[in-house]
Structures are given as structure tokens and as C-alpha cells.
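Here is what each chain is made of, one letter per residue.
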Amino acid sequence: MITVDRIATLRATLDAARRADRTVGFVPTMGALHAGHLSLVQAARAAHDVVVVSVFVNPLQFNNPADLKRYPRDLAADAALADAAAVDVLFAPSGAEMYPAGAPVTTVSVGQLTDRLCGASRLGHFDGVATVVAKLFAIASPCTAYFGKKDFQQLAVVTRLARDLNLPVEVVGCPLVREPDGLAMSSRNVHLDTAPRRAATILYRGLVTGAKAVMGGERDPAALRRLVANLITSDDAVRLEYAEVLDAVELTPLESLRGDVLVAVAAHVGATRLIDNVTIHIDDSGAVTADLGVIAGPESEAPCSAR
Ligand code: AMP
């Protein structure tokens, strides 16, 4: 594995690979790598000749300076994990390399899809995400880029960004990876001490309860939302930011539950903000399937089930 901190070097490396008919799989991250990130690397590794992981804590997408400051950073550990996962190129640019003139004058905004969920509570967040992802795509493409369903709204935003701007990037969504007790893996979990760590599992339990209710026949989005929100707020250690039930494609409200449904939650446990989601498919015959992601395991990843 080589570690590259200059845009020009990464471009030259990938251009040479593509000239030799080698395809590029790209995994953008903010570092503090864990098994969730590594599952994206695995997907890229399985399909491409050259795998690139970027590590860049993008200041543009943080609307809270304290959150940016305490975001975990450990490039040496990331490099060791990436190397062990057979990554070819680790791209770790500085802030000055990515934004030489400070915050860019040109930014990218993805409408509608960012109106709700994290877009509503973290103003400007998705402009920051879309802008840095557009830059990363401009640097690394043509390529296939891998994103996790853990950040479901982000996946929707970058998929739409690539499509609307005709970027030569295929965006692939990968399963949400969970700890054995159901907590969605996140770089932010390192901030959770024992008691908050235990409390944090209520997000997953709330989503499982919601999925089971739909399997049991619940079809009212408002009732489903209330059920999930009430369960999560039953723990005083957890402050719910939102619980929403939306169309999983357009991220808009639903009159009744059918088709692809997203149940997404955000909550604060102490100073740590966590997000989680489940997608539920209700077909025309009324059959229900829920996608809660997979449990991380040493050998393989087992699908989570709400049954
Ligand atoms: P981040 O470093 O948190 O910006 O995440 C980088 C990429 O890893 C994004 O595409 C995330 O959706 C993905 N990711 C983070 N956590 C998980 C997880 N638990 N399961 C699957 N993908 C994840």
C-alpha cells in the first residue's frame, strides 16, 4: 500500500492504472476506520484491481466546531488497517491540499433529499458532504465508489449528485454493519463509556420494534414513528433528535406504509450524536422484509433479522 497526500500524485497513480486497463474502487471516509468501513473496502476489493481509501475529516460538513475538534483521528492506525485489508492507495490529504484557498466559493447543493432528517438538524451539513464528494469524485474518477447504508441519507445524496452532474462514478450502497449487540458501528462510538455505550443500543432496539410492528400489520406512518420515538425516549440517558418514517427513495413523508420505507433515527447519548436506520419493504401482496444490516463477525457478516 502507498500513502499519498497530494491530489496530483493520486491522479497520476490512478491514471496510470486505468491506462493499464485496471479498474478503480474508491472508498471515501473520514478515518478512525472500523469494520463498517472495512466492509466497503472488502466490496471494492472483490470487484476492482485498484482500491483507494481516502481519509479526510472534512471541515465543511461540520456545523459544530466542537464536534469537528473532537472527531477521532488516527492516521497510523488507519494505515495499518487499510494495509491489512489489501488497500492499494491510502489518500490522506491535508486541509490545505483540499481547500488551498480556505472554504471554497463553489459549493454543491443537493435539493429535496436534504430537506429532512440530518439535513434539517445539521444545517449546511449535506452541502459540505456534496462539495467534498464532488471534489473527491473529480480527483478519483472514473471509478466505482462505495458508501454505507449506515448514512442512508448521505448515500441517497451522493447517488443523486453523481447522476445529476453526470459524474463518471458508479455509486454502490453497502449494508450497515453492527456490533454484536446491534449498535451501528461508528467512528463516534469510541466516545461512549460503558453506561452510555449500553444505553446507545436503544436506537437499534427501537428500530427492531418498529420493523416488528410493520411485520405485525402496522401501516400507519405516524403510529410507527410514535412507537419508535417512544421507545427511544424511554431511556433518560438518550436525547432523541428525530425519528422519521419516509419514502426510502424520495425521502419524503408517506400517507401509508407501502413500497420502500425508511425508518431513520438520530439521538444524542451524552455529547455523542448517533444515527441509525432500517429499511422496510412492503410489497403489493403485503409481504414485509426489513433490512437492518449485518452483524460484524470475524469470518463473515450475518444478516440482522427483525423476526
Ligand atoms: P465516515 O468515515 O463515518 O464518513 O464513513 C465513511 C463511509 O463508511 C460512509 O460511506 C459510511 O456510510 C460508511 N460507514 C460508516 N459506518 C458504517 C457502518 N457501520 N456500516 C456500513 N458502512 C459504514
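It should be noted that the structure appears before, not after, this text.
What you see is a predicted model; the values in this text were computed from it and never measured. (Residues numbered from 1 in each chain as written. Predicted model: local features only at pLDDT ≥ 70, side-chain atom pairs only at ≥ 80, totals over all residues. Heavy atoms only, no water.)

Chemist: When you look at the overall build of the chain in this model, what are you seeing that I'm missing?
Modeler: Looking only at helices and strands, the chain features eleven helices and 13 strands. A globule of 307 residues ought to have a C-alpha radius of gyration of about 19 Å, and the chain, at 19 Å, matches this closely. For the chain, the spread of C-alpha atoms along the principal axes amounts to about 55 × 45 × 40 Å. Partitioning the intrachain contacts of the chain with sequence separation of at least 6 by distance along the chain shows that 70% fall at a separation of at least 24. As displayed, the chain offers around 13,800 Å² of accessible surface, 52% of which is attributable to carbon and sulfur atoms. (Helix = DSSP H or I, 4+ residues; strand = E, 2+ residues; numbered from the N terminus. Rg over C-alpha atoms; globule rule 2.2 N^0.38 Å. Contact = heavy atoms within 4.5 Å. Areas by Shrake-Rupley, 256 points an atom, 1.4 Å probe, with all protein chains shown as cover.)

Chemist: What is the right way to look at the nonpolar core in this model?
Modeler: When a protein is soluble and globular, its nonpolar side chains tend to lie buried together. Ranked by size, the top nonpolar core spans 49 residues in total, and within it V52 and F137 carry the most contacts. At ten residues, the largest contribution of residues to this core is made by helix α7 (residues 125-140). Setting aside residues up to four positions removed in sequence, V52 forms contacts with L10, L14, V24, G25, F26, V27, V89 and F91. If you look at the next biggest cluster of nonpolar residues, it comprises 32 residues, including L203, L224, L254 and V261. (Core = buried A, V, L, I, M, F, W, Y, C linked by side-chain atoms within 4.5 Å. Buried < 20%, exposed > 50% of the residue type's maximum accessible area, 1.4 Å probe, protein only.)

Chemist: Please clarify how the side chain of R273 should be interpreted in this entry.
Modeler: Relative to the elements of secondary structure, R273 occurs in strand β10 (residues 272-282). Looking at R273, the relative accessible area reads 13%, which means it is buried. A distance of 2.8 Å separates polar atoms of two side chains, one belonging to R273 and the other to E241. Those residues in contact with R273 that lie beyond four places of it in its chain are C118, S121, R122, R188, E241, Y242, A266, A267 and H268. (Polar contact = N/O pair within 3.5 Å; in protein donor to acceptor, adjacent residues only side chain to side chain.)

Chemist: Explain the pattern of salt bridges here, please?
Modeler: Once their charged atoms are close, side chains differing in charge can pair, the charge on each being opposite to the other. According to the stated counting rule, one finds ten salt bridges in the structure shown. Put simply, D88 and R45 hold a salt bridge, and the shortest N to O gap is 2.8 Å. Placement of D88 in the loop between α4 (75-84) and β4 (89-91) and of R45 in helix α2 (residues 35-47) is noted, with a sequence separation of 43 residues between them. Residue R160 is joined to D164 by a salt bridge in which the shortest nitrogen-to-oxygen separation is 3.2 Å. (Salt bridge = Lys/Arg side-chain N within 4 Å of Asp/Glu carboxyl O.)

Chemist: Would you mind going over α2 with me for this structure?
Modeler: Because an α-helix packs 3.6 residues into every turn, residues spaced three or four apart end up facing the same way. The terminal C-alpha atoms of α2 lie 18 Å apart, and with 13 residues this matches the ideal 18 Å at 1.5 Å per residue to within 8%. Along α2, the residues classified as buried are G36, H37, S39, L40, V41 and A44. Elements that come into contact with the buried residues of α2 comprise β2 (24-29), β3 (50-55), β5 (143-148), β6 (169-174) and β7 (177-178). (Expected span 1.5 Å × (residues − 1).)

Chemist: Looking at this structure, how should I read unusual backbone geometry?
Modeler: With the exception of glycine, most residues fall at negative phi, and the peptide bonds are largely trans. Note the cis peptide between S141 and P142, where omega equals -5°. Along the chain, the position of P142 falls in the loop between α7 and β5. The residue A86 is not glycine, and still its phi comes out positive at about 65°. At Q112, a residue that is not glycine, the phi angle is positive and equals roughly 25°.

Chemist: What is the right way to look at the site of the ligand in this model?
Modeler: Neighbouring the ligand are 17 residues; M30, H37, D151, V177 and M185 lie closest to it. Taking M30, its main chain carries an N or O atom lying 2.9 Å from an oxygen atom of the ligand. Between D151 and the ligand, the recorded distance is 2.7 Å, taken from a side-chain N or O atom to an oxygen atom. Within the complex, the protein chains bury 94% of what would otherwise be the 480 Å² of accessible surface of the ligand. (Near = heavy atom within 4 Å.)

Chemist: Which parts of the structure should I look at to understand the sheet that holds β10?
Modeler: Each strand in a sheet pairs with another by means of backbone hydrogen bonds, the pair being arranged parallel or else antiparallel. Judged by pairing direction, the sheet is antiparallel, and its four strands sit side by side in the order β8-β9-β10-β11 without closing on themselves. Strands at the two margins of the open sheet, each flanked by one partner only, are β8 (238-247) and β11 (288-291). Adjacent strand axes in the sheet meet at a mean angle of 20°, parallel and antiparallel pairs treated alike. The sheet contact formed by β10 and β11 spans four bridges and is antiparallel. Paired with T279 across the bridge in β11 is D291. Of the strands in this sheet, β8, β9 (259-269), β10 and β11 touch helix α10 (residues 202-215), which is tilted by about 15° from β10. (Pairing = 2+ DSSP bridges. Axes fitted to C-alpha atoms, helices over the stretch in contact; angles between N-to-C directions.)

Chemist: When you look at the pairing of β2 in this model, what are you seeing that I'm missing?
Modeler: Note on strand geometry: in a regular strand, side chains alternate between the two faces of the sheet. Of all six residues making up β2, six are buried, and the element is well covered by its neighbours. Neither face of β2 is open: one carries V24, F26 and P28, the other G25, V27 and T29, and all of them are buried. Inspection of the sheet shows β2 paired to β3 by six bridges, in the parallel sense. The residue bridging G25 from the neighbouring strand is V51, located in β3. As paired elements, β2 and β5 share two bridges and run parallel to each other. Residue pairing across strands places F26 opposite A145, the latter belonging to β5.

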